[in-house]
Amino acid sequence: MSFFEKWKASAAMIFVEFALAVVNALFKKVLSKGMNKLVISTYRFSIAVMILTPIACFLERNSISNLTGRVVCSLFFSALLGGTLTQYFFLIGLKYTSTTFSCAFINMVPINTFIMALLLGQENINMKCKSGRAKALGTLCCLGGALVLTLYKGMPLINKSAPEVEMNHNTKSWIIGSCFLFAGSLVWSSWFLIQARIGKDYPYQYSSTAIMSFFGAIQSAILSLVIDRNTSTWFMKGTLEISTVIYAGVVGSGLCYVVMSWCVKQKGAVFTSAYSPFIQIFAAVIDISILHEQIHLGSILGSILVIVGLYILLWGKSKEAENLKNSPTTAKNGQVTLPVTSSPSHS
């Protein structure tokens, strides 16, 4: 295997996490200037459709024969969970908190998905083996981190001379923002459950992302008109808002979704999930150097617990997959591919 073949998936995921951190930083900037959250989502998904549709028609022109009613229905709900609702909840949470803080909840997605799969009977915990104990410990550690993030803000660690930021991020707003961010991470976790099935029934990254973005744009537009009928919110003001929407549409909703789907297919969901903490590292650098946001003690402590819990859980899942591979007589229960579960094609 060549150097490029060995490291291209890792480089792709690092690029994705950096690109998403930039998207969150830009969103934070335009939200502070009063841009409507659902208008952002509508324009973002619309641009993704315009970019991805020609690519899908050229590279996946034969995929239309596999586009059944069941797949279309799945893509509709995929857009609702992974697009419209996730965007809406995260943007509300981002408005009340900071870029770095909001990214901490993205790290909780694998844990949330694991808990959902556990409740649905798609996962199990065997406390008699190391992998089972690791999954339980990782889950508890991550949940503890979520509680710290939500309930304990702590003292500011840097940029103590910016009282206006502190006013905007008072404790009440911090808790409200945390609740919306947690809700966003839950629906984003649900998206993985649907996407795992879509990836098997319709394995075409460009066309599936284009269709999902199309549904996301319609859903966001309808929801926006229901919540706020003021048409003036649809007019973008200034270069920053226009460039943010274009970048978020082309890179955030287009390229990043395609790359993530490709990485899950090529390397497995455990591999893809393992890179999620990078987005928080990149966001912290952007927060401090460009946005001049506060970094609080609670954010640091909670984030450390979430990241440590994430990697303990991922280690447990990898160990479990290794044990199953070395024990061919053990039934694998037909588990679906989740953000915390190895892909069947990945060794």
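Conventions we followed
Residues numbered from 1 in each chain as written. Predicted model: local features only at pLDDT ≥ 70, side-chain atom pairs only at ≥ 80, totals over all residues. Heavy atoms only, no water. Helix = DSSP H or I, 4+ residues; strand = E, 2+ residues; numbered from the N terminus. Buried < 20%, exposed > 50% of the residue type's maximum accessible area, 1.4 Å probe, protein only. Contact = heavy atoms within 4.5 Å. Areas by Shrake-Rupley, 256 points an atom, 1.4 Å probe, with all protein chains shown as cover. Axes fitted to C-alpha atoms, helices over the stretch in contact; angles between N-to-C directions. Parallel < 35°, antiparallel > 145°, perpendicular 65-115°, else oblique. Left-handed = near helix turned anticlockwise from the far one by under 90°. Nonpolar A, V, L, I, M, F, W, Y, C, P; charged D, E, K, R; others polar. Core = buried A, V, L, I, M, F, W, Y, C linked by side-chain atoms within 4.5 Å. Salt bridge = Lys/Arg side-chain N within 4 Å of Asp/Glu carboxyl O. Lys, Arg positive; Asp, Glu negative; His and termini not counted. Expected span 1.5 Å × (residues − 1). Bend = angle between axes of the 7 residues up to and from the residue. Phe/Tyr/Trp six-rings, centres within 6.5 Å; stacked < 30°, edge-to-face > 60°. Patch = residues over 30% accessible without salt bridge, like charges linked within 9 Å, V, L, I, M, F, W, Y side chains within 5 Å.

Visitor: What's the story with the overall build of the chain in this structure? I'm lost.
Guide: A tally of helices and strands in the chain yields 13 helices and zero strands. Along the chain, helices and strands appear, N-terminal first, in the series α-α-α-α-α-α-α-α-α-α-α-α-α. Burial analysis of the chain (347 residues in total) assigns 52% to the buried set. A separation threshold of at least 6 residues defines the contact pool for the chain, and within that pool the share at least 24 residues apart is 89%. When the accessible surface of the chain is summed, it comes to about 16,100 Å², and 69% of that surface belongs to carbon and sulfur atoms.

Visitor: Just to check I follow, could you spell out the packing of helix α2 (residues 37-59) against helix α10 (residues 238-267) for this structure?
Guide: Pairs of packed helices are described in terms of their axes, by the angle between the two and the distance that separates them. As a packed pair, α2 and α10 sit with axes 7 Å apart at the nearest point and diverge in direction by 60°. As far as their axial angle goes, α10 and α2 are oblique. Here α2 runs over α10; the crossing is right-handed. In contact with Tyr-43, Arg-44, Phe-45, Ile-47, Ala-48, Ile-51 and Leu-52 of α2, α10 contributes Val-245, Ile-246, Ala-248, Gly-249, Val-250, Gly-252, Ser-253, Gly-254 and Val-258. Considering only residue class, the contact of α2 with α10 consists of 11 nonpolar, four polar and one charged.

Visitor: Hey, could you run me through the nonpolar core in this one?
Guide: For soluble globular proteins, the rule of thumb is that nonpolar side chains tend to be buried together. Counting 46 residues, the largest nonpolar core has Phe-105 and Trp-188 as the members making the most contacts within it. The element best represented in this core is helix α1 (residues 3-32), accounting for eight residues. For Trp-188, the residues in contact, after removing those within four places along its chain, are Gly-82, Thr-86, Val-109, Tyr-257 and Met-260. Within the second largest apolar cluster, 14 residues are counted, among which are Leu-31, Ile-47, Trp-234 and Ala-248.

Visitor: What is the right way to read the pattern of salt bridges from this model?
Guide: Any two side chains of opposite charge can pair, given that their charged atoms come close. Counted according to the given criterion, the structure contains two salt bridges. For Arg-70, the salt bridge is made with Asp-201, and the minimal N-O distance between the two is 3.9 Å. Highlighted residues: Arg-70 in helix α3 (residues 69-96) and Asp-201 in helix α8 (residues 171-201), separated in sequence by 131 residues. Of the residues examined, Asp-201 reaches a relative accessible area of 30% and is grouped as partly exposed. Between Lys-135 and Glu-320 there is a salt bridge, with its nearest N and O atoms 2.9 Å apart. Separated by 185 residues along the polypeptide, Lys-135 in helix α6 (residues 130-151) and Glu-320 in helix α13 (residues 297-326) bring together distant segments of the chain. Each member of the pair, Lys-135 as well as Glu-320, is classed as buried.

Visitor: What should I look at first to understand the side chain of Glu-17 in this one?
Guide: Mapped onto the elements, Glu-17 comes out in helix α1. Buried charge Glu-17 goes without a salt bridge, the closest partner of opposite sign being Arg-44 at 11 Å. Other than its neighbours up to four places away in sequence, Glu-17 contacts Tyr-275, Ser-276, Phe-278, Ile-279 and Phe-282.

Visitor: What is the right way to read α3 from this model?
Guide: In an α-helix, one turn spans 3.6 residues, which is why side chains three or four residues apart end up on the same side. With 28 residues, α3 should reach 40 Å at 1.5 Å per residue; the first-to-last C-alpha distance of 40 Å fits that figure. Roughly 35° is the biggest bend found in α3, and it falls at Thr-86.

Visitor: I'm lost on the packing of aromatic side chains in this one. Help?
Guide: To describe a pair of aromatic rings, you give the distance between the ring centres and the angle between the ring planes. With the rule as written, the count across this model stands at nine aromatic pairs. Between Tyr-43 and Trp-234, the ring centres sit 5.8 Å apart and the planes meet at 85°, which makes this aromatic pair edge-to-face. In this pair, Tyr-43 sits in helix α2 while Trp-234 sits in the loop between α9 (205-227) and α10, placing the two residues 191 residues apart along the sequence. We classify Tyr-43 as partly exposed; its relative accessible area is 23%. Between the aromatic rings of Phe-76 and Phe-215, the centroid separation amounts to 5.4 Å while the plane-to-plane angle is 80°, which identifies the pairing as edge-to-face. Pair noted here: Phe-76 is in helix α3 and Phe-215 is in helix α9, with a separation of 139 residues, a long-range link. Taking the relative accessible area as the measure of exposure, Phe-76 reaches 34% and is therefore partly exposed.

Visitor: Is there a simple way to explain a nonpolar patch on the surface in this structure?
Guide: A cluster of nonpolar residues, Met-155, Leu-157, Ile-300, Ile-304 and Val-308, forms a patch on the protein surface that exposes about 400 Å² of accessible area. By secondary structure assignment, the location of Val-308 is in helix α13.

Visitor: What is the right way to read the environment of Phe-105 from this model?
Guide: In this structure, Phe-105 sits in helix α4 (residues 99-106). We classify Phe-105 as buried; its relative accessible area is 0%. Residues Phe-105 and Gln-280, 175 residues apart in the sequence, show an inter-C-alpha distance of 9.3 Å.

Visitor: Even after reading the chapter, I still don't get the packing of α3 against α9, so can you show me in this structure?
Guide: Put simply, α3 and α9 touch, their axes get as near as 8 Å, and they point 55° apart. For the element pair α3 / α9, the angle class is oblique. Judged by the sense of rotation from one axis to the other, the crossing of α3 with α9 is right-handed. Together, Val-72, Leu-75, Phe-76, Ser-78, Ala-79, Leu-80, Thr-84 and Tyr-88 of α3 and Ser-208, Ile-211, Met-212, Phe-215, Gly-216, Gln-219, Ser-220, Leu-223 and Ile-227 of α9 make up the contact between the two elements.

Visitor: What is the right way to look at the environment of Val-22 in this model?
Guide: Of note, Val-22 is situated in helix α1. Spatially, the C-alpha atom of Val-22 lies 9.0 Å from that of Ile-279, the residues being 257 residues apart in sequence. Not counting residues up to four positions away in its chain, the partners in contact with Val-22 are Tyr-247 and Ile-286.

Visitor: Before we go on, may I ask you to explain helix α5 (residues 109-119) in this structure?
Guide: The element α5 is largely enclosed, with a buried count of eight among its 11 residues. Along α5, the positions that sit buried rather than exposed are Val-109, Pro-110, Ile-111, Asn-112, Thr-113, Phe-114, Met-116 and Ala-117. At the C-terminal side of α5, Gly-121 shows a positive phi close to 80°.

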